Protein chains: 2
Amino acid sequence: MTDLEGKLERFCNRCRQNKLKITPQRVEVYKALISSNAHPSAEAVYDKVRGVLPNISLDTVNRTLNTLNEIGAAFVVAGSGDVKRFDGNLDNHQHFKCIKCRKIFDFHSEPLDNTETLRKLEEQFRVLRITVYAEGLCKGCIEKEQN
Amino acid sequence: MTDLEGKLERFCNRCRQNKLKITPQRVEVYKALISSNAHPSAEAVYDKVRGVLPNISLDTVNRTLNTLNEIGAAFVVAGSGDVKRFDGNLDNHQHFKCIKCRKIFDFHSEPLDNTETLRKLEEQFRVLRITVYAEGLCKGCIEKEQN
DNA sequence: CTTACTGCAAACCATTTGCACGATC
DNA sequence: GATCGTGCAAATGGTTTGCAGTAAG
């Protein structure tokens, strides 16, 4: 749990840098997010946090997740359509979304880190974020389909 | 304009294959989409098509764009949050979105075509679509920022 | 003539906003 | 004590749905 503590401390510092107060709601939303690998929606985070803070409102969760996105402590998962999903894992990774069950799986590749693509892009734009997004069917759903 | 005719013919064939009727609305929505390189929202397509079919409804445009996505004649642009945006350009390409002005720019890279990443993914999933999505600020907005 | 599509209106749902109270610094 | 955050409720806005009439195959 040293890992969690470290993340929490870095998170609090980041809040202070951005002149954000450290409230229980903010901390619990952050904890709920980084302890999940399911790329939860605001609703899902809400359900989780309510276990600890029963009076928290969905609005606060929404606001907080957006704030985390703004200060770079988390981000909105890229995808097409659907409800917003969030990710607190800042390590470089990519997402595969199953269009049937909606699960999001992480995968790894360094397709852009070394290529010319990024360099070319940076000639034209200030690139803040670059991700690979893949869509399709996961194993579970392929199997179900065959029935 | 031979290019447009070719695309239209292929589009009609695709409709027939999917047992979809070829209605003026469908054709005009498709034409509006492929004649735009702005990755338009349903609203934007609606505005454009109304020039030709003044009585078309926004619902029909929405339904049609979703249908195009389903039959593979177009797709929903991957992104984070915001309104759905559509793209009728099926050539392999990537998107950069300016988070300030919301413009979407196309760019090219073949980061995944040849790598092991895709092969590895295909061991685990049925991959239907894979795109690179980048976000940041475009030149215009960087300049505006400096004022 | 059958089946599918459209337009309209209403419904839906996720997300956002205004405001007064309460908590943090 | 000043400022910012929260909870509540209402509003918003994009997207979807049910239905009756209309058009395509």
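Bear in mind that the values here come from a model prediction, so they are computed numbers and not experimental data.

## Structural notes on the relation of the copies chain A and chain B
When chain A is brought onto chain B, the operation consists of a screw motion whose angular component is 180° and whose axial shift is 0.0 Å, with 0.0 Å RMSD remaining. Those values place the two copies in the arrangement expected of a two-fold rotation axis. When C-alpha distances to the rotation axis are compared across chain A, the minimum falls at Val-132 of chain A, with a value of 2.2 Å. Interface overlap between copies: 100% of the residues of chain A at the interface are likewise at the interface in chain B, consistent with a symmetric, same-surface contact.

## Side note on the protein's contact with DNA strand D
Not every one of the 20 residues close to DNA strand D is listed here, only the nearest: Lys-21, Thr-23, Asp-59 and Thr-60 of chain A together with Asn-66 of chain B. Looking at DNA strand D alone, sugar and phosphate atoms form 62% of those within 4 Å of the protein. Thr-60 of chain A is positioned with one of its side-chain polar atoms (N or O) 2.6 Å from a phosphate oxygen of DNA strand D. Within the side chain of Arg-63 of chain A, one N or O atom sits 2.9 Å away from a base nitrogen of DNA strand D. Of all the elements in the fold, those that place two or more residues in the surface near DNA strand D are helix H2 (24–34) and helix H4 (58–71) of chain A together with helix H4 (58–71) of chain B.

## Some details on the protein's contact with DNA strand C
All names here are of chain B. Close to DNA strand C lie 20 residues, the nearest being Lys-21, Thr-23, Asp-59, Thr-60 and Arg-63. Of all atoms in DNA strand C that approach within 4 Å of the protein, 65% are sugar or phosphate atoms. Side-chain polar atom of Thr-23 to a phosphate oxygen of DNA strand C: 2.8 Å apart, as the coordinates give it. Within the surface near DNA strand C, the residues separate by chemical class into five nonpolar, seven polar and eight charged.

## Some details on the interface of chain A and chain B
Interface size is often expressed as the accessible area that is lost when the parts come together. Of the residues lining the interface, 36 residues belong to chain A; the matching set on chain B comes to 36 residues. Summed over both partners, the interface of chain A with chain B comes to about 2800 Å²; 66% of that surface belongs to carbon and sulfur atoms. Broken down residue by residue, the surface that chain A buries against chain B is led by Phe-125, Arg-126 and Glu-135 of chain A, which jointly contribute 21%. Run the count over chain A and chain B and you get two salt bridges. Across the salt bridge formed by Arg-129 of chain A and Glu-135 of chain B, the nearest N and O atoms sit 3.7 Å from each other.

## Looking at the side chain of Glu-28 of chain B
Residue and element names in this part refer to chain B. Positionally, Glu-28 belongs in helix H2 (residues 24–34). Glu-28 sits in the buried class, given a relative accessible area of 16%. Among all residues touching Glu-28, those that are not within four sequence positions of it are Val-49, Val-52 and Leu-53.

## Things to note about H2 of chain B
Residues and elements named next belong to chain B. By the criterion of burial, H2 is predominantly enclosed, with eight of the eleven residues buried. What H2 keeps buried is the set Arg-26, Val-27, Glu-28, Val-29, Tyr-30, Ala-32, Leu-33 and Ile-34. At its buried positions, H2 is contacted by helix H1 (2–17), helix H3 (42–50), H4 and strand E2 (86–87).

## Here's the deal with the packing of aromatic side chains
Evaluation of the coordinates by the stated rule reveals eight aromatic pairs over all chains. Ring geometry for Phe-96 of chain B against Phe-105 of chain B: centres 6.4 Å apart, planes inclined by 55°, an arrangement best described as tilted. Aromatic ring contacts, followed pair by pair, group Phe-96 and Phe-105 of chain A together with Phe-125 of chain B into a single cluster. Residue placement shows Arg-50 of chain B over the ring face of Tyr-46 of chain B; its charged tip is 4.2 Å from the ring centre.

## Notes on the environment of Ile-99 of chain A
With respect to the helices and strands, the residue Ile-99 of chain A is situated in the loop between strand E3 (94–98) and strand E4 (104–107). Ile-99 of chain A gets classed as partly exposed once you look at its relative accessible area, which sits at 37%. Spatially, the C-alpha atoms of Ile-99 of chain A and Leu-137 of chain A are 6.1 Å apart, while their sequence positions differ by 38 residues. Excluding residues within four positions of it along the chain, Ile-99 of chain A makes contact with Glu-135, Gly-136 and Leu-137 of chain A together with Leu-128 of chain B.

## Observations regarding the nonpolar core
Counting 27 residues, the largest nonpolar core has Phe-96, Leu-121, Val-127 and Ile-130 of chain A together with Phe-96 and Leu-121 of chain B as its most contacted members. For this core, the elements supplying multiple residues, two or more each, are E3, helix H5 (116–124), strand E5 (125–138) and helix H6 (139–145) of chain A together with strand E3 (94–98), helix H5 (116–124), strand E5 (125–138) and helix H6 (139–145) of chain B. Among the elements that line this core, the one with the most residues is E5 of chain A, at seven residues. Ignoring sequence-local partners within four residues, the contact set of Leu-121 of chain B consists of Phe-96, Phe-107 and Ala-134 of chain A together with Val-127 and Ile-130 of chain B.

Each value, and the rule that gives it
- Residues numbered from 1 in each chain as written.
- Chains lettered and ligands numbered in written order.
- Predicted model: local features only at pLDDT ≥ 70, side-chain atom pairs only at ≥ 80, totals over all residues.
- Heavy atoms only, no water.
- Least-squares fit on C-alpha atoms with pLDDT ≥ 70 in both.
- Contact = heavy atoms within 4.5 Å.
- Near = heavy atom within 4 Å.
- Polar contact = N/O pair within 3.5 Å; in protein donor to acceptor, adjacent residues only side chain to side chain.
- Helix = DSSP H or I, 4+ residues; strand = E, 2+ residues; numbered from the N terminus.
- Nonpolar A, V, L, I, M, F, W, Y, C, P; charged D, E, K, R; others polar.
- Buried area = accessible area lost by both parts, 1.4 Å probe.
- Salt bridge = Lys/Arg side-chain N within 4 Å of Asp/Glu carboxyl O.
- Buried < 20%, exposed > 50% of the residue type's maximum accessible area, 1.4 Å probe, protein only.
- Phe/Tyr/Trp six-rings, centres within 6.5 Å; stacked < 30°, edge-to-face > 60°.
- Lys NZ or Arg CZ within 6 Å of the ring centre and 35° of its normal.
- Core = buried A, V, L, I, M, F, W, Y, C linked by side-chain atoms within 4.5 Å.

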